[in-house]
Number of protein chains: 2
Amino acid sequence: MNHRIPRARAGVVLLLICAFVALSGGNAVQGSPAGDEPLASWNDTGARSSIVAFVEAVTTPESPAFVAPADRIAVFDNDGTLWAEQPMYFQVFFAIDRIRVLAPQHPEWKDQEPFASVLRGDLQSALAGGEHALLEMIMATHAGMTTAEFEDIVEDWVKTARHPQTGRLYTEMVYQPMLELLGYLRANGFRTYIVSGGGVEFIRPWAERVYGIPPEQVIGSRVKTRYELRDGRPVLARLPDVEFVDDKEGKPVGIHAQIGRRPLAAFGNSDGDLQMLQWTAAGDGARFCCYIHHDDAGREWAYDRVSAIGRLDKGLDEALARGWTVVSMKDDWRVIHPPASE
Amino acid sequence: MNHRIPRARAGVVLLLICAFVALSGGNAVQGSPAGDEPLASWNDTGARSSIVAFVEAVTTPESPAFVAPADRIAVFDNDGTLWAEQPMYFQVFFAIDRIRVLAPQHPEWKDQEPFASVLRGDLQSALAGGEHALLEMIMATHAGMTTAEFEDIVEDWVKTARHPQTGRLYTEMVYQPMLELLGYLRANGFRTYIVSGGGVEFIRPWAERVYGIPPEQVIGSRVKTRYELRDGRPVLARLPDVEFVDDKEGKPVGIHAQIGRRPLAAFGNSDGDLQMLQWTAAGDGARFCCYIHHDDAGREWAYDRVSAIGRLDKGLDEALARGWTVVSMKDDWRVIHPPASE
């Protein structure tokens, strides 16, 4: 397999760097189902009020801040904003599971890092190889098939794979208050977009079912694809070559390329979302920028300024300085996750 | 200016190659305004019937070919399909006009090809430099500003620039029957997308006003952009470096990246659209693939298999072999363009 790894794009790896994150952290708590009222899982605190006040301002025709529905674009980071991201990005768990599935076809992996360590169950050693090791893992599992085949692989995985600490399906690691927020915004004429550093094709297969977000409203990192006729039938082949990294400076770039409109509201949880929030805030008229702050060690995980995953440091400073809304998961959310299946 | 021209992407230039196209061709004829009936500017011929039959099949709930509105995606090439493309792609006229505007800031252009020839009004010599010359012209006029600045430049140009042969505004060189088709499809729950080899940011500023197609439904070729803070204010700088060529094999790639759904219907006019039509046709259930055939030398231009611009050769063979709809502009369209302003 031809692994072309453009230096300039190695940033994708930063996204996924999860080495040495201690498998510590609290357990998720099952939330009780939300009622019919909007934002039912949000406590009646300042965060909820600021969201409601903004939505009312931009949707009330008599309001000076009124915005036509076509421009009511709300963008959401995924990892750490719509679903959890600890002890590492869930897409990395997917890559690890895929390495195990594919191992019989790759006998050479037994002696080849990082695959050998993954197969021994020694994740820490696997990830000790740093960016290069992680990119090897991603490319070995995310390329070499058609887009349709990859979609099936992701769908199958996401239906059964479970979080190693909570035992929940990964799609049950979503945040109930954010599901309600997505619905509340859509009920008010917003279109909700995901703008994720994760792979767009890793998210699309389940985003509509889980978040109500259709494929055309998912923006993410991408590998290159190539159009081919196979036995006269067209396919898009996924290549082991990074096409676009939708993180940090890439987020406004991706938003502009795909939507061509500036968002009215943006929600993130890490420094990787800061440029998206800055880009949103720089628009004319009322804009809403919001950080989800992981400060709930009891019900979820508590991390911010020094976390390897989901670091929120510069972004927190800027949010505080500019008066952006900072949601305390501990204080502002009545529950964290929807009820689990089991 | 740092002109990085990746060889692999030089294909963008093919898009824009317009050298030596004789300034021949017929004059556009003013169409009378369409009535209220759908597809009023279409003659009652087989092409119109095939469109109506398809739309009824996929929108009638009892029909075995019924398709939910979310999957009613129709994609349209722009140059030669929604508006004219002779004697050269209108975006090249834009580049030429911009070179004239920018010339005072570039005294060196007086002695530098292809700019010197453009400034002398000798287009044929300017384009004699082939791909490289054209890419120089495009990059000198499409990069080096922010996305917001470029949008303003395009909007100003498109409001006043006129076609050298017909004297119409370029936006009046659109095809009245296609405007009606866009509206007819939308009235039937379709979302209409442009998928153009032209620049996405060259089309977005006027696509909603002219075609009713919002920015997020325009897919096109792109230069790279870079997020920057200028005096603390975020901008996206347009770089003289090709990011994506949305032509030929690039069209299905662009559709998949931006929409993530396979189109239900696809409309093009050249071999550059063939892969988009193949990709559309390969979906399950009923699909509609259609070529607009420029065969009307009297009211527009007649060209197909050997044209430098908008060549339709392999695509025509495939359309005939597979029974795709081929629209004869001469026989199937009652009028070509909407009334001109003057």
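What comes next concerns the included structure. Predicted, not measured: the structure shown is a model, and the values here were computed from it.

**Quick look at a negative patch on the surface**
All names here are of chain A. Together, Glu149, Glu151, Asp152 and Asp156 make up a region of like negative charge exposed at the surface. Structurally, the position occupied by Glu149 is in helix H7 (residues 147–160). Relative accessible area serves as the criterion here: at 39%, Glu149 is assigned to the partly exposed category.

**Some points on the nonpolar core**
Grouped burial of nonpolar side chains is what soluble globular proteins tend to show. Within the largest apolar cluster, 74 residues are counted, with the highest numbers of intra-cluster contacts made by Trp42(B), Phe76(B), Met178(B), Leu181(B), Tyr211(B), Phe267(B) and Trp333(B). With 8 residues, the top contributor of residues to this core is helix H3 (residues 90–102) of chain B. Once residues lying within four places of it in the same chain are set aside, the contact partners of Trp42(B) are Ala47(B), Arg48(B), Ile51(B), Pro177(B), Met178(B), Glu180(B), Leu181(B), Val327(B), Asp332(B) and Trp333(B). With 72 residues, the next largest nonpolar core counts Phe54(A), Met88(A), Phe94(A) and Ile96(A) among its residues.

**Notes on the pattern of salt bridges**
On inspection of all chains with the given rule, the structure shows 33 salt bridges over all chains. Residue Glu216(B) pairs with Arg261(A) through a salt bridge whose shortest N-O separation is 2.8 Å. Here Arg261(A) lies in the loop between helix H10 (250–258) and strand S5 (265–268) and Glu216(B) lies in the loop between helix H9 (200–211) and strand S3 (218–230), a pairing that spans two chains. Using a relative accessible area of 6% as the deciding quantity, one classes Glu216(B) as buried. A salt bridge links Arg305(A) to Asp313(A), with the nearest nitrogen and oxygen atoms 2.8 Å apart. Judged by relative accessible area, Asp313(A) falls into the partly exposed class, the value being 26%. Put simply, Asp71(A), Arg191(A), Arg261(A), Glu208(B) and Glu216(B) are held in one network by salt bridges that share partners.

**Focus on the interface of chain B and chain A**
On the side of chain A, 32 residues touch chain B, which itself brings 33 residues to the contact. Of the roughly 2,900 Å² buried between chain B and chain A, counting both surfaces, carbon and sulfur atoms make up 51%. When residues of chain B are sorted by the area they lose upon contact with chain A, Glu216(B), Tyr227(B) and His256(B) head the list and together hold 22% of the total. Across the pair Arg261(A) and Glu208(B) runs a salt bridge, and its minimum N-O distance is 3.9 Å. Here chain B and chain A share 17 residue pairs in polar contact (both at pLDDT 80 or more) between them. Elements with a minimum of two residues in the side of chain B that touches chain A: strand S2 (191–199), H9, S3, strand S4 (233–244), helix H10 (250–258) and helix H11 (274–281) of chain B. Residues that form the side of chain B that touches chain A fall into these classes: 14 nonpolar, 7 polar and 12 charged.

**Quick word on the sheet that holds strand S6 (residues 288–293) of chain B**
All names here are of chain B. With mixed pairing, 7 strands are arranged side by side in an open sheet as S4-S3-S2-S1-S5-S6-S7. Looking at the sheet topology across the chains shown, the edges are occupied by S4 and strand S7 (325–328). This sheet shows a mean twist of 30° between the axes of neighbouring strands, independent of strand direction. Note: S2 against S3, 3 bridges, orientation parallel. Across the sheet, Gly199 pairs through a bridge with Ser221, a residue of S3.

**Describing the relation of the copies chain B and chain A**
By a simple turn and slide, chain B fits onto chain A: the slide is 0.0 Å along the axis, the RMSD is 0.0 Å, and the turn is 180°. Viewed as a symmetry operation, the transformation between the two copies matches a two-fold axis. Closest approach to the rotation axis within chain B is made by the C-alpha atom of Gln258(B), at a distance of 3.0 Å. Comparing interface residues between copies, 97% of those in chain B also sit at the interface in chain A, which points to an isologous, same-surface contact.

**Here's the deal with the packing of helix H11 (residues 274–281) of chain A against helix H12 (residues 314–322) of chain A**
Residues and elements named next belong to chain A. The geometry of H11 relative to H12 is characterised by a closest axis approach of 10 Å and an angle of 25° between their N-to-C directions. If you check the angle between H11 and H12, you find them roughly parallel. Residues Leu274, Gln278 and Ala281 of H11 touch H12, and the partners they reach there are Lys314, Gly315, Glu318 and Arg322. Looking at the contact of H11 with H12 residue by residue, the classes come out as 2 nonpolar, 2 polar and 3 charged.

**Considerations on the packing of H3(B) against helix H7 (residues 147–160) of chain B**
Residue and element names in this part refer to chain B. Remark: H3 packs on H7, axes separated minimally by 11 Å, with the N-to-C direction vectors making an angle of 105°. Here H3 lies roughly perpendicular to H7, going by the angle between them. Across from Phe90, Phe93, Phe94, Asp97 and Arg98 in H3, the residues of H7 making contact are Phe150, Ile153, Val154 and Trp157. The residue inventory of the contact of H3 with H7, partitioned by class, reads 7 nonpolar, no polar and 2 charged.

**What to know about the pairing of strand S4 (residues 233–244) of chain A**
Residues and elements named next belong to chain A. Of all 12 residues that make up S4, 11 are buried, and the element is covered over most of its length. In the sheet, strand S3 (residues 218–230) pairs with S4 via 8 bridges, with the strands oriented antiparallel. Within the sheet, the bridge partner assigned to Tyr227 lies in S4 and is Leu236. Joining the antiparallel neighbours S3 and S4 is a turn of 2 residues, in which Asp231 adopts a positive phi near 55°.

**Things to note about the sheet that holds strand S7 (residues 325–328) of chain A**
Residue and element names in this part refer to chain A. Pairing within the open sheet is mixed, and its 7 strands lie in the order S4-S3-S2-S1-S5-S6-S7. If you trace the sheet from one side to the other, it starts and ends with S4 and S7, each paired once. Adjacent strand axes in the sheet meet at a mean angle of 30° when their direction is disregarded. Across 4 bridges, strand S1 (residues 73–76) lies against strand S2 (residues 191–199) in parallel orientation. Note that in S2 the partner of Ala74 across the bridge is Thr192.

What counts, and at which threshold
- Along each chain, residues carry numbers from 1 onward, in the same order as the chain's sequence is written.
- Numbering of ligands from 1 and lettering of chains from A proceed in the order in which they are written.
- Local features in this predicted model are restricted to residues whose pLDDT is 70 or higher, and side-chain atom pairs enter the listing and the counts only when it is 80 or higher, whereas totals over whole chains, interfaces and linings include all residues.
- Computation of side-chain values covers all heavy atoms of the structure but excludes hydrogens and water.
- Each patch is built from residues lacking any salt bridge and having more than 30% relative accessible area; the joining distance is 9 Å for like charges and 5 Å for nonpolar side chains (Val, Leu, Ile, Met, Phe, Trp, Tyr).
- Under the convention used here, a 1.4 Å probe and the Shrake-Rupley method define accessible areas, while residue burial counts only the protein chains that appear.
- For this analysis, a salt bridge means a side-chain nitrogen from Lys or Arg found within 4 Å of a carboxyl oxygen belonging to Asp or Glu.
- The sign given to each residue is positive for Lys and Arg and negative for Asp and Glu; His and the chain ends receive no count.
- Throughout, a charge is located at the NZ atom of Lys, the CZ atom of Arg, the CG atom of Asp or the CD atom of Glu.
- By the criteria applied, helices consist of DSSP H or I runs no shorter than four residues and strands consist of E runs no shorter than two, each listed in order from the N terminus.
- Working definition: with a 1.4 Å probe on protein chains only, accessible area under 20% of the residue-type maximum means buried, over 50% means exposed, and in between means partly exposed.
- The term nonpolar core refers to a set of buried residues drawn from Ala, Val, Leu, Ile, Met, Phe, Trp, Tyr and Cys, joined through side-chain atoms within 4.5 Å.
- Contacts are residue-level and defined by heavy atoms, with any inter-residue pair within 4.5 Å sufficient.
- The buried area of a pairing is the accessible area, by a 1.4 Å probe, that goes missing from both parts when the two are put together, added over both.
- Polar contacts, as used here, are pairs of N or O atoms within 3.5 Å; protein pairs need one atom able to donate a hydrogen and one able to accept it. Residues neighboring in sequence count only if both atoms are side-chain atoms.
- Put simply, Ala, Val, Leu, Ile, Met, Phe, Trp, Tyr, Cys and Pro go in the nonpolar bin, Asp, Glu, Lys and Arg in the charged bin, and everything else, Gly too, in the polar bin.
- In this description, strands pair whenever DSSP reports at least two bridges between them.
- With axes taken as lines fitted to C-alpha atoms, and helix axes fitted only over the stretch in contact, angles between N-to-C directions fall between 0 and 180 degrees.
- The least-squares superposition of copies is restricted to C-alpha atoms, and to residues with a pLDDT of at least 70 in both copies.
- Angle categories are assigned with fixed cut-offs, so that under 35 degrees is roughly parallel, over 145 is roughly antiparallel, 65 to 115 is roughly perpendicular, and the rest are oblique.

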